Amino acid sequence: MPPTTDYIRHAARLTRKLHAEASLGSPPVPDAEFWKTLAKALDEVVEGLEQNARGE
């Protein structure tokens, strides 16, 4: 079964939002949701790498 990518995609959306806000002149300020989502996305990446290493 492939690993889920929901949080990875959500983290990417939040990052693009921060970039868009920064391009309008405001400093990018990651909020708590960003850091929580990023942590979960990294967990998904680790899970996928571990599954790949096991050959699943």
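This text follows the structure it describes.
Residues numbered from 1 in each chain as written. Predicted model: local features only at pLDDT ≥ 70, side-chain atom pairs only at ≥ 80, totals over all residues. Heavy atoms only, no water.

Trainee: Report on the side chain of Thr37, specifying residues and quantitative values.
Mentor: Position of Thr37 relative to the elements: it lies in helix H2 (residues 32-54). Within the structure, the side chain of Thr37 is placed 2.8 Å from the backbone oxygen of Glu33, a separation counted as a polar contact. Beyond its immediate chain neighbours, meaning those up to four positions away, Thr37 contacts Tyr7, His10, Ala11 and Leu14. (Helix = DSSP H or I, 4+ residues; strand = E, 2+ residues; numbered from the N terminus. Polar contact = N/O pair within 3.5 Å; in protein donor to acceptor, adjacent residues only side chain to side chain. Contact = heavy atoms within 4.5 Å.)

Trainee: Mind laying out a nonpolar patch on the surface, listing which residues take part and the relevant values?
Mentor: Taken together, the side chains of Ile8, Val45 and Leu49 define a hydrophobic patch exposed on the protein surface, amounting to about 240 Å² of accessible area. Accessibility expressed as a relative area gives 56% for Leu49, which makes it exposed. (Patch = residues over 30% accessible without salt bridge, like charges linked within 9 Å, V, L, I, M, F, W, Y side chains within 5 Å. Areas by Shrake-Rupley, 256 points an atom, 1.4 Å probe, with all protein chains shown as cover. Salt bridge = Lys/Arg side-chain N within 4 Å of Asp/Glu carboxyl O. Buried < 20%, exposed > 50% of the residue type's maximum accessible area, 1.4 Å probe, protein only.)

Trainee: Pulling in residues and values, what's your account of the packing of aromatic side chains?
Mentor: With the rule as written, the count across this model stands at 1 aromatic pair. Between the aromatic rings of Phe34 and Trp35, the centroid separation amounts to 5.1 Å while the plane-to-plane angle is 80°, which identifies the pairing as edge-to-face. The exposure class assigned to Trp35 is partly exposed, which follows from its relative accessible area of 48%. (Phe/Tyr/Trp six-rings, centres within 6.5 Å; stacked < 30°, edge-to-face > 60°.)

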